[in-house]
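Okay, here's what each chain looks like letter by letter:
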Amino acid sequence: MSVIFFLVAALTVAGGLAAVLFKNTVHCALAVTVAFAGLALLFLSLDAQFAGFAQVLVYIGAVAILVVFAILLTRGSETPQSGVFSKSWFTGLVIAAGIFAVLGWAVMQSAHALPQQAAAPAVTVHDIGVALVGRYVLPLEIVALLLTAATIGAVIVALHEKERTQ
Amino acid sequence: MADKLDQIFILLRDWLIHFLPAALRPFAAVVLGVVAIVCVFPGLFALTTVFERKGLGRMQNRLGPNRVGPFGFFQPVADGIKSLTKEDIVPLSADAVVHFLAPLVLVVAVFMGFAVLPLGRNMVLVDMDAGLLFFFAMGASTEVSIFMAGWSSRNKYSILGAMRAIAQMISYEVPLLLSSVTVVMITGSLSLTKIVEAQNHYTGVFPNWYVFTPWGFASFLMFAIAATAETNRTPFDLPEGESELVAGYFTEYSGFKFALFFLGEYLGMFSISGLGATLFLGGWSAPFSFLTWVPSWIWFFSKDMAAIFIFIWMRGTLPRLRQDQLMNFAWKFVLPFTLLNLLVTALWRFMDGGWLRWVVCSAILAGAYVLMGRTGMARKNYGPRSYRYAE
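1. Focus on the overall build of chain B
The number of helices and strands found in chain B is 14 helices and 2 strands. A compact globule built from 391 residues should have a C-alpha radius of gyration of about 21 Å, and chain B, at 23 Å, falls within 12% of that. Residues classed as buried in chain B amount to 40% of the 391 residues present. Restricting to contacts in chain B with at least 6 residues of sequence separation, those with at least 24 account for 76%.

2. Concerning the overall build of chain A
Scanning chain A from terminus to terminus reveals 6 helices and 0 strands. N-terminal to C-terminal, the α/β element order of chain A is α-α-α-α-α-α. The 166 residues of chain A split such that 16% are buried. When contacts within chain A are restricted to residue pairs at least 6 apart in sequence, long-range pairs at least 24 apart make up 53% of them.

3. Here's the deal with the environment of Lys-54 of chain B
Residue and element names in this part refer to chain B. On the secondary structure map, Lys-54 appears in helix H3 (residues 25-59). Between the C-alpha atoms of Lys-54 and Gly-72, which are 18 residues apart in sequence, the distance is 8.8 Å. Not counting residues within four places of it along the chain, the set of residues in contact with Lys-54 comprises Gly-64 and Pro-65.

4. Let's talk about the interface of chain B and chain A
Think of interface size as the accessible area that goes away when the parts come together; that is how it is often given. Contacts between the two partners involve 18 residues from chain B, matched on the other side by 15 residues from chain A. The biggest single contributor to the side of chain B that touches chain A is helix H6 (residues 131-152) of chain B, with 11 residues. The class makeup of the residues in the side of chain B that touches chain A is 15 nonpolar, 1 polar and 2 charged.

5. Side note on helix H8 (residues 192-199) of chain B
Residue and element names in this part refer to chain B. Among the residues of H8, those classed as buried are Leu-192, Thr-193, Ile-195, Val-196 and Gln-199. The buried side chains of H8 occupy one side of the element, clustering within an arc of 160° when seen end-on. Taken together, the buried residues of H8 touch H6, helix H7 (156-187), strand E2 (206-207) and helix H11 (255-280).

6. A closer look at the packing of helix H3 (residues 49-74) of chain A against H6 of chain B
As a packed pair, H3 of chain A and H6 of chain B sit with axes 8 Å apart at the nearest point and diverge in direction by 25°. The angle between H3 of chain A and H6 of chain B falls in the class roughly parallel. Seen along the crossing, H3 of chain A lies across H6 of chain B with a hand that is left-handed. Of the residues in H6 of chain B, those in contact with Phe-53, Val-56, Leu-57, Ile-60, Gly-61, Ala-64, Ile-65 and Val-68 of chain A of H3 of chain A are Leu-133, Phe-134, Phe-136, Ala-137, Ala-140, Ser-141, Glu-143, Val-144 and Phe-147 of chain B. Among the residues making up the contact of H3 of chain A with H6 of chain B, the classes are represented as 14 nonpolar, 2 polar and 1 charged.

7. Here's the deal with the environment of Ser-191 of chain B
All names here are of chain B. Secondary-structure assignment places Ser-191 in the loop between H7 and H8. Note: C-alpha distance between Ser-191 and Ser-289 (98 residues apart in sequence) is 24 Å. Other than its neighbours up to four places away in sequence, Ser-191 contacts Asp-127, Met-128, Asp-129 and Gly-131.

8. Section: the confidence of the model for chain B
Residues and elements named next belong to chain B. Per-chain confidence: chain B averages 85 in pLDDT, with 99% of residues scoring 70 or above. Mean pLDDT across the elements of chain B ranges from a minimum in helix H10 (residues 242-245), with 71, to a maximum in helix H9 (residues 214-230), with 90. Our summary of model confidence lists the complex with pTM equal to 0.85 and ipTM equal to 0.78.

9. Details of unusual backbone geometry
All names here are of chain B. Notably, Arg-154 is not glycine yet its phi reads approximately 55°, a positive angle. As for its placement among the helices and strands, Arg-154 is situated in the loop between H6 and H7. In this structure, Asn-232 takes a positive phi of about 55° despite not being glycine. Along the chain, Asn-232 falls in the loop between H9 and H10.

10. Some thoughts on the packing of helix H2 (residues 8-17) of chain B against H3 of chain B
Residue and element names in this part refer to chain B. Their axes nearest at 10 Å, the elements H2 and H3 cross at an angle of 135°. As far as their axial angle goes, H3 and H2 are oblique. Pair H2 / H3 crosses with right-handed handedness. In contact with Arg-13, Leu-16 and Ile-17 of H2, H3 contributes Arg-25, Ala-28, Ala-29 and Leu-32.

11. Brief notes about H3 of chain A
Helix length check: H3 of chain A (26 residues) gives 36 Å between terminal C-alpha atoms against 38 Å at 1.5 Å per residue, within 8%. The largest bend in H3 of chain A comes to about 30°, at Tyr-59 of chain A. Packed against the buried residues of H3 of chain A are helix H2 (25-45) and helix H5 (125-133) of chain A together with H6 and H7 of chain B.

12. Section: the environment of Ala-78 of chain B
All names here are of chain B. Structurally, Ala-78 can be placed in helix H4 (residues 75-85). Using a count of 14 C-beta atoms within 10 Å as the deciding quantity, one classes Ala-78 as partly exposed. Considering only alpha carbons, one finds Ala-78 and Val-68, 10 residues apart in sequence, at a separation of 7.5 Å.

Analysis parameters
Counting from 1, residues in each chain are numbered in the order their sequence is written. Throughout, the order in which chains and ligands are written sets their labels, letters from A for the former and numbers from 1 for the latter. Only residues with pLDDT of 70 or above have their local features reported here, since the model is predicted, and side-chain atom pairs are shown and tallied only from 80 upward, although totals for entire chains, interfaces and linings are computed over all residues. Elements are defined by DSSP. Helices are runs of H or I of four residues or more, strands are runs of E of two residues or more, and each kind is numbered from the N terminus. The reference for a compact globule is 2.2 Å times residues^0.38; the radius of gyration itself is calculated from the C-alpha atoms. Partly exposed residues are those whose C-beta has more than 12 but fewer than 20 other C-beta atoms within 10 Å; with 20 or more the residue is buried, with 12 or fewer it is exposed, and the C-beta atoms are placed from the backbone. It is the C-beta atoms, placed from the backbone, that decide contacts: two residues are in contact if theirs lie within 7 Å. Put simply, Ala, Val, Leu, Ile, Met, Phe, Trp, Tyr, Cys and Pro go in the nonpolar bin, Asp, Glu, Lys and Arg in the charged bin, and everything else, Gly too, in the polar bin. The arc in question is the one spanned by the directions pointing from the helix axis to the C-beta atoms. With axes taken as lines fitted to C-alpha atoms, and helix axes fitted only over the stretch in contact, angles between N-to-C directions fall between 0 and 180 degrees. Roughly parallel refers to an angle under 35 degrees, roughly antiparallel to one over 145, roughly perpendicular to one between 65 and 115, and oblique to any angle outside these ranges. With the far helix as reference, a near helix turned anticlockwise by less than a right angle produces a left-handed crossing, and one turned clockwise produces a right-handed crossing. pLDDT expresses, on a scale from 0 to 100, how confident the predictor is about each individual residue. One fewer than the residue count of a helix, multiplied by 1.5 Å, yields its expected span. The angle between axes fitted to the seven-residue stretch ending at a residue and the seven-residue stretch beginning at it gives the bend at that residue.

If you want it as structure tokens, here you go:
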């Protein structure tokens with residue numbers, strides 16, 4: 001178990017680091033995909049089937065492809081002359097480290113704050129489905145409405161440009 | 001005896017692993033299952049290529065391969081040796097690492113899909129609670145490999161083919177998933193074995209397959225259309241249209257890497273047909289109650305091969321679509337129809353059994369089909385067909 005965890009964690013971290021350090025933008029996008037796959041494997045190793053497969057389906061199947069499309073349709077994958085690091089990289093590093101420290105502290109504290117659970121709860125895909133359309137149906141509908149609005153917005157943006165060219 | 005024959009592969013596996021110490025047995029059982037899948041489906045791929053070439057030849061009034069072995073049936077062997085010994089050419093400007101990884105990612109992702117398909121009674125490698133979700137997750141990751149192949153080749157045909165392939169796969173993935181969701185709504189499970197079990201009982205001699213219900217028939221048709229587009233087969237083979245893009249995203253591949261792309265495409269056909277058979281055609285269950293003595297795996301592979309035959313038949317019959325026709329068809333016909341079908345399935349689920357729900361559901365679906373077809377055609381302003389001949 002722990003060997004698998006360390007292997008997958010190393011893969012995920014390597015993917016994330018590569019995404020930041022590679023020069024070619026498309027290589028960065030593919031490295032992010034590796035990090036997504038590592039995260040999915042971590043979910044699976046924690047017995048969270050639904051989260052793991054949803055991670056693959058949504059992040060590798062859709063988000064990674066979207067990122068790649070955006071790169072190719074905007075400015076190409078050529079390496080910029082000024083290098084890949086922005087001037088304020090040190091500030092970014094400090095902010096990222098701060099957020100990581102807060103999250104890490106919160107996770108560490110939660111072990112004391114919550115009573116120890118004897119066994120990990122067995123959550124099946126069936127339970128998640130029942131919860132989504134039962135107790136959490138209102139948040140689900142709100143998210144659906146938001147996504148529909150975003151889709152309509154995207155269509156309107158695309159339509160507007162077409163009318164102007166005619 | 002019939003039971004023994006039905007379970008012959010399971011019995012064979014158990015007999016093989018009983019030689020090993022008990023600690024190793026679960027692991028060995030999984031390895032044997034993986035080896036069986038990795039051997040059987042590429043074998044079927046070799047057979048399918050020769051049948052496809054012979055069948056297309058028959059449809060086009062020519063002979064097809066007839067040099068190697070009796071009636072040319074050893075052609076795949078010759079093709080395999082050829083692709084193994086051919087020089088593997090990587091273009092000078094290509095991105096060597098990504099170019100090398102693309103066919104591997106494709107074949108691995110496609111093979112993973114077979115892990116959850118029930119190939120016969122008790123013959124499923126991993127009986128997962130979320131089997132259908134796993135299958136679609138693996139199917140979605142093939143898009144990345146197609147992009148990798150097209151982009152890393154640094155060739156305008158390749159990148160155009162890859163962009164076309166990804167746009168097409170994303171557009172048709174939505175109806176593919178939505179048409180499968182209807183089955184999940186009725187069965188109440190994402191597990192493919194449970195979906196087969198739900199269909200494996202009979203009314204009189206006839207099976208209760210989902211394709212024999214109004215919503216199931218509509219879903220099956222939409223699933224078949226979307227599956228053809230997902231596997232880039234004619235009439236949806238724009239990504240590799242040889243007359244416009246040479247071979248699309250794998251133009252710059254030669255030798256065994258090309259063979260891997262070819263293999264990946266056919267394995268994708270096998271797995272998506274197997275999924276279609278599992279969801280709508282009762283998987284490994286027999287088509288009539290008096291035929292249940294025939295081993296279950298024979299039924300699964302017969303249904304799979306029948307679907308492959310239809311793929312080949314369509315390739316010999318239909319012309320290729322244009323890009324705008326492809327997209328209009330996906331977003332203006334297939335997607336609204338699958339959405340309507342979701343509502344009809346919910347209606348079917350909550351109406352009382354009996355003839356009324358058959359009439360209501362069929363009427364809604366048939367009416368919507370005719371209405372959408374008529375309005376779509378009326379907008380095109382097609383007159384009577386006219387022919388012009390070359391002078």
